[in-house]
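# Per-entry structural report
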Amino acid sequence: MELYNASQNDYRIEIQQYERSEKPEEDGVLRLQRETVSGNGPDLIDFGSGYNTNDIVGKYTEDLSPYMGEEGRKACFENILAAFSYQEGLYAVPLGFKLNSFAGRTRNLEGRSSWTIREMRECFQGQEKERLLYPGVFKMDVFGVILTGSMEYYIDWEAGECAFDGEEFRAVLEFCNGFPGSLEIEEDFSVKKTFLEDKALLLPVSISTVYDICEEELIFGGEQVTFIGFPVEGGCGTMIESCGPVLAVGQGSRHKEAAWEFIRQCLDEPAQRELPSGFPVRRSVLEEQLADAMETAYERDENGGEHPVVKHQVLFEGKEPTDIYSVTQEQADQLLGLLEGVSVCSLTDRRIYRIFLDEAANYFGGAKGLEETADVIQARVSMYVAERVR
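Residue positions are given per chain, counting from 1 as you read along its sequence in written order. Where totals are concerned, whole chains, interfaces and linings use all residues; where local detail is concerned, this predicted model gives features only for residues with pLDDT of at least 70, and gives and counts side-chain atom pairs only at 80 or more. Only hydrogens and water are removed before side-chain values are computed, so all heavy atoms of the structure are retained for them.

## Remarks on helix 2 (residues 28-37)
For an α-helix the count is 3.6 residues per turn, leaving residues at separations of three or four pointing the same way. Type-normalised accessible area, obtained with a 1.4 Å probe on protein chains alone, sets the label of each residue: buried when under 20%, exposed when over 50%, and partly exposed for intermediate values. In this text, helices come from DSSP runs of H or I with a minimum length of four residues, and strands from runs of E with a minimum of two, each type numbered from the N-terminal end. Listed as buried for helix 2 are G28, V29, L30, L32, Q33 and T36. Phi turns positive one or two residues past the end of helix 2, at G39, with a value near 90°.

Next up, the structure:
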């Protein structure tokens, strides 16, 4: 922002805050939408942390696809832009992103690279020895983790419909109900020891740097790891999450070209190299990062001896850090394959999430049956989604 203000004579960015809230009457995003529709909204919008598709339903922001053009889109990971698109338009663009997934020993996942909820249950229940699904599991936690990752698979914002009364979602509820009702953990429990001794099937992971691909192999004792993702009916179960700013141009802006110029600068290589966290959406910058990560750098000590430079450290349970000096070609290929294969955003609407937790608690506590719980969730979320797309 400072660079943009310094380089402009005609325009200057001033910040106005719109705070998110679960209460509709206090929600800044809803106020932002109303002001934009009435012509009083901002020129440039940063949805930031918590962005979800619901933020741009209604198309009150500008479609950025024509501004980017074919060349601009090809300079970025097109599958990431497609995941953030709505009704074939790009109404908000992320500057950076990360991946959320489940990782497990390849040999324990029986050759799978993705799975449905039924395949996940069959794999977990069919292990040759008793294992945790992942450390610290209990009913509500498993439900929350799975739905946080795969919520967008059940909601079609473009059609204003959802599918929480079908067999797949009921299978999720039923699977989660098979775990303890509360956290059960011994005082000397060690997550690291659990994975090294192969006592857990999965590790929930967040991948946001080119070195994170190394960490899971270390945690699983150097064995081959598969990023199998969340259980979904089709495609890749590893999910995309925005990391940092998610920028848009207000539909009623009188300075759309100037607002786009700011976004364009943020997507250019110099700005993408300086992202504080997450993967850059610009492909060439990510490729630079991978190339650098695969090269082992050396430095000389005061006696003239050469030593490899530590590029990343893995910290686990307060133990001594493990140094990483470089990424292998196989690890780089695996990461790039993950980045290119993802297609759906992990976007959590807090109001829908609250409906899930409230109604699932009734089912897990025995107050409601499986079908009734799914039907109530379907009715409540359907009403909310329909209201948002009007």
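Additional details are given in the paragraphs that follow.
## Details of the pattern of salt bridges
Where side chains of opposite charge bring their charged atoms close, a pairing between them can arise. One side-chain nitrogen of Lys or Arg within 4 Å of one carboxyl oxygen of Asp or Glu is enough to make a salt bridge. Scanning the model with the defined rule gives 28 salt bridges in all. A salt bridge links D27 to R351; the nearest nitrogen and oxygen atoms lie 3.0 Å apart. Placement of the pair is D27 in the loop between helix 1 (2-7) and helix 2 and R351 in helix 14 (residues 350-364), with a sequence separation of 324 residues. The exposure classification of D27 matches that of R351, with both residues buried. Through salt bridges with shared partners, a single network forms among R105, R107, E128, R131, D198 and E223.

## Some remarks on the layout of surface pockets
In this structure, the second largest pocket spans a volume of roughly 700 Å³. Cavity and pocket criteria rest on a 1 Å grid covering protein atoms alone: a 1.4 Å probe that fits but cannot get out defines a cavity, protein on both sides within 12 Å along at least 5 of 7 lines defines an open pocket, and an atom within 4 Å of a point defines a lining residue. Taken together, 25 residues line the second largest pocket, and the ones lying closest to its centre are R131, L132, E184, F189 and K199. When residues of the lining of the second largest pocket are traced back to their parent elements, those giving at least two are helix 5 (117-125), helix 7 (167-176) and helix 8 (191-196). Element by element, the count of residues in the lining of the second largest pocket is highest for helix 5, at three residues. Under the grouping applied here, Gly and all other residues not named as nonpolar or charged are polar, the nonpolar ones being Ala, Val, Leu, Ile, Met, Phe, Trp, Tyr, Cys and Pro and the charged ones Asp, Glu, Lys and Arg. Per-class residue counts for the lining of the second largest pocket are ten nonpolar, five polar and ten charged. Grid points are joined across faces, edges and corners, and a volume is the space filled by probe spheres set on the points.

## With respect to the nonpolar core
Grouping buried Ala, Val, Leu, Ile, Met, Phe, Trp, Tyr and Cys residues that are joined through side-chain atoms within 4.5 Å yields what is termed a nonpolar core. Counting 110 residues, the largest nonpolar core has F47, L133, F143, F164, F169, L202 and F356 as its most contacted members. When sequence neighbours within four positions are dropped, the list of residues in contact with F356 reads F143, L147, M151, F164, F169, I377 and V381. Should any heavy atoms of two residues lie within 4.5 Å, those residues are counted as being in contact.

## Description of the sheet that holds strand 2 (residues 93-94)
Read across the open sheet, the three strands follow the order 1-9-2; overall the sheet is antiparallel. Since the sheet does not close on itself, it has two edges, and those belong to strand 1 (44-46) and strand 2, each with one partner. Interaxial angles span 0 to 180 degrees and are taken between N-to-C directions of axes, which are lines fitted to C-alpha atoms, for helices over the stretch in contact. Where helix 10 (residues 256-267) meets the sheet, its contacts fall on strand 1, strand 2 and strand 9 (246-249), and the angle it forms with strand 9 comes to roughly 160°. For two strands to be treated as a pair, DSSP must find no fewer than two bridges joining them.

## So, the packing of aromatic side chains
For Phe, Tyr and Trp, rings pair up if their centres lie within 6.5 Å, where Trp contributes its six-membered ring, and each pair is then called stacked (planes under 30 degrees apart), edge-to-face (over 60) or tilted (otherwise). Taken as a whole and assessed by the stated rule, the structure comprises 21 aromatic pairs. Pairing Y67 with W260 gives two aromatic rings, centres 5.7 Å apart and planes at 45°, and the pair type is tilted. Here Y67, found in helix 3 (residues 65-74), pairs with W260, found in helix 10; they are 193 residues apart in sequence, far enough to count as distant. Where Y363 meets F364, the ring centres are 5.6 Å apart and the plane angle is 45°; that geometry is what we call tilted. Its relative accessible area of 13% is what places F364 among the buried residues. By way of ring pairs, the aromatic residues F143, Y154, F164, F169, F356, Y363 and F364 are connected into one cluster.

## Focus on the state of the cysteines
For this text, the term disulfide refers to a pair of cysteine sulfurs within 2.5 Å. Applying the stated criterion to the full structure yields zero disulfides. Among the cysteines around C162, which has no disulfide bond, C176 carries the closest sulfur, lying 18 Å off. Cysteine C345 is unpaired, with the sulfur of C236 as its nearest cysteine sulfur at 12 Å. A relative accessible area of 2% means that C345 is categorised as buried.

## Considerations on empty space enclosed by the protein
In this approach, a probe sized like a water molecule rolls over the atoms, and the result shows the empty space that is left. Scanning the entire structure with this criterion turns up two cavities of 30 Å³ or more. Put simply, the largest cavity is a space of about 170 Å³. Taken together, 17 residues form the lining of the largest cavity, with R20, D27, N52, D349 and R351 sitting closest to its centre. When contributions to the lining of the largest cavity are tallied by element, the ones reaching two or more residues are helix 2, helix 14 and helix 15 (370-389).

## Observations concerning a negative patch on the surface
Taken together, the side chains of E88, D156, E158 and E161 present a region of like negative charge at the surface. Relative to the elements of secondary structure, E88 occurs in the loop between helix 4 (78-83) and strand 2. Take E88: its relative accessible area is 79%, and that puts it in the exposed class. Patches draw on residues past 30% relative accessible area with no salt bridge. Two like charges within 9 Å are joined, as are two nonpolar side chains (Val, Leu, Ile, Met, Phe, Trp, Tyr) within 5 Å. Values of accessible area rely on a 1.4 Å probe in the Shrake-Rupley scheme; residue burial ignores everything except the protein chains shown. The convention is simple: Lys and Arg are positive, Asp and Glu are negative, and His and the chain ends are not counted. The location of each charge is read from NZ of Lys, CZ of Arg, CG of Asp or CD of Glu.

## As for the environment of V93
Mapped onto the fold, V93 is located in strand 2. According to the relative accessible area criterion, V93 is buried, its value standing at 1%. The residues touching V93, leaving out its near neighbours within four places in the chain, are L64, L81, P245, V246, L247, I263 and L267.

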